[in-house]
Amino acid sequence: MTDRMSDQRSLGREWDPTELTGGPVDHILRDARRALPGLRVQRLTVTHPGDDDNVYFLAAASDEERVQIDSGQHGRPPFFVESIGSSRASAARTPPIRPRHAPPSVGSPGRPLPVRP
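All figures in this text were calculated on a predicted structure; none of them were measured in a lab.

Comments concerning the overall build of the protein
- A tally of helices and strands in the protein yields 1 helix and 6 strands.
- From first element to last, N terminus to C terminus, the protein shows the α and β order β-α-β-β-β-β-β.
- Expressed as a percentage of the 117 residues in the protein, the buried residues total 29%.
- Long-range contacts, defined as pairs at least 24 residues apart, comprise 36% of the intrachain contacts of the protein with a sequence gap of at least 6.
- Accessible surface, the protein as shown: approximately 8,200 Å² in total, 56% of it carbon and sulfur.

Concerning helix α1 (residues 25-35)
- Those residues of α1 not exposed but buried are Val 25, Asp 26, Leu 29, Ala 32 and Arg 33. Burial along α1 is one-sided: seen end-on, the buried residues are contained in an arc of 135°. Along α1, the residues that are exposed and aim more than 90 degrees away from the buried face are Arg 34 and Ala 35.
- Turning to α1, the residues buried within the fold contact β2 (40-44), β3 (55-59) and β4 (66-70).

Structural notes on the nonpolar core
- With 10 residues, the main nonpolar core is built from Trp 15, Val 25, Leu 29, Ala 32, Leu 39, Val 41, Tyr 56, Leu 58, Ile 69 and Phe 79.
- Broken down by secondary-structure element, the contributors of at least two residues to this core are α1 and β3.
- The dominant element in this core, judged by the number of residues it contributes, is α1, at 3 residues.
- Not counting residues within four places of it along the chain, the set of residues in contact with Val 25 comprises Tyr 56, Ile 69, Gly 75 and Phe 79.

Observations concerning the side chain of Ser 71
- With respect to the helices and strands, Ser 71 occurs in the loop between β4 and β5 (80-84).
- Here Ser 71 falls in the buried class, since its relative accessible area comes to 7%.
- The contact partners of Ser 71, leaving out residues within four places of it in the chain, are Asp 52, Asn 54, Tyr 56, Arg 76, Pro 78 and Phe 79.

Some remarks on the pattern of salt bridges
- According to the stated counting rule, one finds 4 salt bridges in the structure shown.
- The salt bridge involving Arg 13 is made with Glu 19; its shortest N-O contact spans 2.8 Å.
- For Glu 19, a relative accessible area of 23% corresponds to the partly exposed category.
- Close ionic contact of Arg 43 with Asp 53 constitutes a salt bridge, the shortest N to O distance being 3.3 Å. Residue Arg 43 is found in strand β2, and its partner Asp 53 is found in the loop between β2 and β3; the two are separated by 10 residues along the sequence.
- The class for Asp 53 is partly exposed, based on a relative accessible area of 28%.

Conventions used here
- Residues numbered from 1 in each chain as written.
- Predicted model: local features only at pLDDT ≥ 70, side-chain atom pairs only at ≥ 80, totals over all residues.
- Heavy atoms only, no water.
- Helix = DSSP H or I, 4+ residues; strand = E, 2+ residues; numbered from the N terminus.
- Buried < 20%, exposed > 50% of the residue type's maximum accessible area, 1.4 Å probe, protein only.
- Contact = heavy atoms within 4.5 Å.
- Areas by Shrake-Rupley, 256 points an atom, 1.4 Å probe, with all protein chains shown as cover.
- Arc of directions from axis to C-beta.
- Core = buried A, V, L, I, M, F, W, Y, C linked by side-chain atoms within 4.5 Å.
- Salt bridge = Lys/Arg side-chain N within 4 Å of Asp/Glu carboxyl O.

Here's what the structure looks like:
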């Protein structure tokens, strides 16, 4: 049995490069398409309006393996990335984004949290 995206039509619909979420996932998908010409991207199709459709499936045209990217609302972090159809799996989570200057109640009294370069 093959695991090609074309054989898994129920996963989602084609996600055109001109379609945007408004979040950082747009940059991830754009850069992936530049790095892998012919990359196919699908966005999960859901049946109920309350279901999470922030799931994207990426596959090179000649590859049977897929990568799944889950994002927060409107393509925002956190991101969860995993390989589909492979005996080896890996996952990466991004930490939540902190504001550059947190309110004094979050950092030490009267001082914002340090910003990493």
